[in-house]
Amino acid sequence: AYFSVQMPRSWNKGPLTARFVWSHAATSTSFGVRWEVYAIATGDGENLAGISWSAVPRVTDSGGNTDHLYISPESPALAPEGTAGDEDLMSFYVGRQATDAADTMAIDARLHGVFIYYTTNAARDN
């Protein structure tokens, strides 16, 4: 999945972390899912070509019950690619790393949402 958000002025330009909200259909065994996230910060007038996706924080979570909602643990810190600035557009790629040994679920995982956490250095964005 790809999505973008405009970061608030109060963001301190530091690392981000993520938690993944997901579910799965019926399966009898092996409920491990390995999620990954990438981020790129792009500001006004910056070149979109030649920016590569950042280092990939990964997190493993386990399901178990059909059609129940699961929220993963928080990912390791993610330093976005690009030079972060006030109100940058932050583009994210979120995926499942199904080839990882920790990902043991043989069916599709359904991604419902992603929590993105960041630190602020101001109480307001004005």
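Above this note sits the structure.
Since we're looking at a predicted model, the values are computed, not measured. Once a new chain begins, its residue numbering starts again from 1 and follows that chain's sequence as written. Under the rules for a predicted model, residues below a pLDDT of 70 receive no local features and side-chain atom pairs below 80 are neither given nor counted, while totals for whole chains, interfaces and linings still include all residues. To get the side-chain values, take all heavy atoms of the structure and skip hydrogens and water.

Q: Just to check I follow, could you spell out unusual backbone geometry for this structure?
A: Glycine aside, residues mostly have negative phi angles, and peptide bonds mostly take the trans form. Positive phi, close to 55°, is recorded for D67, a residue that is not glycine. The numbering of helices and of strands both runs from the N terminus, where a helix is a DSSP run of H or I of at least 4 residues and a strand a run of E of at least 2. Within the secondary structure layout, D67 lies in the loop between β4 (58-62) and β5 (70-71). Burial classes: relative accessible area under 20% of the type maximum marks a residue as buried, over 50% as exposed, and values in between as partly exposed (1.4 Å probe, protein chains only). We classify D67 as exposed; its relative accessible area is 55%. With a phi close to 60°, E87 is a non-glycine residue in the positive phi region. Among the secondary structure elements, E87 is positioned in the loop between β5 and β6 (89-96).

Q: How should the side chain of H24 be read in this particular structure?
A: Within the secondary structure, H24 sits in strand β2 (residues 17-24). By relative accessible area, which is 0% here, H24 ends up buried. Those residues within four positions of H24 in sequence are excluded, and the remaining contacts are F31, G63, G64, N65, T66, D67, Y70, M105, I107, D108 and R110. Two residues form a contact once any of their heavy atoms are found within 4.5 Å.

Q: What is the right way to look at the sheet that holds β5 in this model?
A: Note: strands within a sheet are paired through backbone hydrogen bonds, in either parallel or antiparallel orientation. Any two strands between which DSSP finds at least two bridges are classified as paired. Pairing is antiparallel across the open sheet formed by three strands, whose spatial order is β5-β2-β7. Strands at the two margins of the open sheet, each flanked by one partner only, are β5 and β7 (109-117). In terms of strand pairing, β2 meets β5 through two bridges, oriented antiparallel. Note that in β5 the partner of V21 across the bridge is I71.

Q: Sorry if this is basic, but what is going on with the sheet that holds strand β3 (residues 32-42) here?
A: Spatially, the four strands line up as an open sheet ordered β1-β6-β3-β4, and their pairing is antiparallel. The strands lining the two open edges of the sheet, one partner per strand, are β1 (2-6) and β4. For this sheet, the mean inter-axis angle between neighbouring strands, taken without regard to orientation, is 25°. Helix axes use the C-alpha atoms of the stretch in contact, all axes being lines fitted to C-alpha atoms, and the angles between their N-to-C directions lie in the range 0 to 180 degrees.

Q: Teacher, can you tell me more about the environment of M7 here?
A: Within the secondary structure, M7 sits in the loop between β1 and β2. Each C-alpha atom, one on M7 and one on G64, is 35 Å from the other, the two residues being 57 residues apart in sequence. Among all residues touching M7, those that are not within four sequence positions of it are L16, E87, D88, M90 and Y118.

Q: Hey, could you run me through the pairing of β4 in this one?
A: Where burial is concerned, the two faces of β4 differ: the one with V59 and D61 is buried and the one with R58, T60 and S62 is not. Here β3 runs beside β4; their pairing, made up of five bridges, is antiparallel. From the neighbouring strand, R34 faces β4, where its bridge partner is T60.

Q: Would you mind going over a nonpolar patch on the surface with me for this structure?
A: Nonpolar side chains (Val, Leu, Ile, Met, Phe, Trp, Tyr) within 5 Å and like charges within 9 Å form the patches, drawn only from residues with over 30% relative accessible area and no salt bridge. All accessible areas in this document rest on Shrake-Rupley with a 1.4 Å probe, and a residue is counted as covered only by the protein chains that are shown. We count a salt bridge whenever a side-chain nitrogen from Lys or Arg sits within 4 Å of a carboxyl oxygen from Asp or Glu. Residues I71, F115 and Y117 make up a contiguous nonpolar surface patch of roughly 240 Å² in combined accessible area. Position of F115 relative to the elements: it lies in strand β7.

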